[in-house]
Amino acid sequence: MAIEDNPQSRERYGEELRSRREAAGLTQEELSQRAIMTRTHIAHIEAGRRRPSADDARRLDQVLGTGGIFERFLPTLDGRRVAEHFEAAKEMEQQASLIREYAAALVPGILQTEGYARAVFQSGFPLKTDEECDKALVTRLGRAHILENPRSPVVWALLDEAVFRRRVGGPNTMAEQLWHIVELGERRRVRVHVLPFGAGAHALMESMVSLMWFEDLPPVVYVEGWNTGKVWDLPSVVQQGMAAYDLALGDALSHRESLALIRSVAEEYERESQ
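Read on for an overview of the structure. Everything numeric in this text was worked out from a predicted model, so none of it was measured. (Residues numbered from 1 in each chain as written. Predicted model: local features only at pLDDT ≥ 70, side-chain atom pairs only at ≥ 80, totals over all residues. Heavy atoms only, no water.)

### Re the overall build of the protein chain
Counting its secondary structure elements, the protein chain contains 12 helices and six strands. Looking at the protein chain residue by residue over its 274 residues, the buried ones come to 46%. For the protein chain, contacts bridging at least 24 residues in sequence account for 74% of all contacts bridging at least 6. Within the structure as shown, the protein chain displays about 13700 Å² of accessible surface, and the carbon and sulfur contribution to it stands at 51%. (Helix = DSSP H or I, 4+ residues; strand = E, 2+ residues; numbered from the N terminus. Buried < 20%, exposed > 50% of the residue type's maximum accessible area, 1.4 Å probe, protein only. Contact = heavy atoms within 4.5 Å. Areas by Shrake-Rupley, 256 points an atom, 1.4 Å probe, with all protein chains shown as cover.)

What follows is the structure, given as structure tokens:
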């Protein structure tokens, strides 16, 4: 029977894998070759950062002769909450080689300006103190450091029109935020696509979605709602997420058209603030 996936269960799972591997006299590299997995993936599992797929767990059991332990006690993803587990998702974001974001109501975290992010934190419940907002800002803005690399990760931002029509922090804040997105898009650091209101219903409209690919690890999909979130690495769920993203992307404006629309709305906010 499986156990609930959380940092503690993943750590215990990783400790057990490391103990069994060392008892078998194998290095991570040797185990990776025999179990047909990358050494990096095994290192992440042993450190409690990732969970293996069911197929990975079966191969680990076969190689280590553990009688099905790793498959039976594979942590499941039930009940994962952002408040408890977003650190793992944030770490994956920093490791990703390709990120495809869909945002239904807010600018994605890695694209947020300081003013916009502060307004988001100040609107939450329970209310944050100024000190708590400052601490949250350090983490939020720190995530954007991945964009300092001119090429990696490749980032696609699929934005519902509501993202930039909703006033967060007032016209000045919105203008600054939208010009930031335009600047990233114009220098091709981020590929931007807008889903206009006229597109109607689409495959991703019910939640925020982030798809992440890695150089030597399986892809994951992170899904977030109010005060909850899940990181899925089950292949069937990831494939569904990819298909839904592709369907929604097909209804979106082109990169050039999207930047033109966002630029136009930024100018509207600027005129309003004068």
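From this point, things continue past the structure.
### Quick notes on the environment of Arg-51
Within the fold, Arg-51 resides in the loop between α3 (39-46) and α4 (54-64). A relative accessible area of 7% means that Arg-51 is categorised as buried.

### Side note on the side chain of Gln-112
Position of Gln-112 relative to the elements: it lies in the loop between β1 (98-103) and α7 (114-122). Take Gln-112: its relative accessible area is 6%, and that puts it in the buried class. Within the local environment of Gln-112, its side chain forms a polar contact with the side chain of Arg-140, the two groups lying 2.7 Å apart. Those residues in contact with Gln-112 that sit more than four places away from it in its chain are Val-107, Ala-117, Arg-140, Leu-141 and Gln-177. (Polar contact = N/O pair within 3.5 Å; in protein donor to acceptor, adjacent residues only side chain to side chain.)

### Notes on the packing of aromatic side chains
Following the criterion strictly, the structure yields one aromatic pair and no others. Relative to Phe-70, the ring of Tyr-13 lies with its centre 5.6 Å away and its plane at 70 degrees, an arrangement referred to as edge-to-face. Separated by 57 residues along the polypeptide, Tyr-13 in helix α1 (residues 7-23) and Phe-70 in helix α5 (residues 69-72) bring together distant segments of the chain. Note on Tyr-13: relative accessible area 7%, which makes it buried. Here the guanidinium or amino end of Arg-50 rests over the ring plane of Phe-214, the centre of that ring lying 5.2 Å away. The cationic tip of Arg-100 hangs over the ring face of Trp-156; the distance from NZ or CZ to the ring centre is 3.9 Å. (Phe/Tyr/Trp six-rings, centres within 6.5 Å; stacked < 30°, edge-to-face > 60°. Lys NZ or Arg CZ within 6 Å of the ring centre and 35° of its normal.)

### Points about the pattern of salt bridges
Tallied over the entire structure, the rule returns 15 salt bridges. A salt bridge links Asp-246 to Arg-100, with the shortest nitrogen-to-oxygen separation between them at 3.7 Å. Placement of the pair is Asp-246 in helix α11 (residues 235-250) and Arg-100 in strand β1, with a sequence separation of 146 residues. For Asp-246, a relative accessible area of 44% gives the class partly exposed. Residue Glu-161 is joined to Arg-165 by a salt bridge in which the shortest nitrogen-to-oxygen separation is 3.0 Å. Residue classification places Arg-165 among the partly exposed residues on the basis of a relative accessible area of 33%. Ionic contacts of the salt-bridge type, sharing partners, join the residues Asp-55, Arg-58 and Glu-71 into one network. (Salt bridge = Lys/Arg side-chain N within 4 Å of Asp/Glu carboxyl O.)

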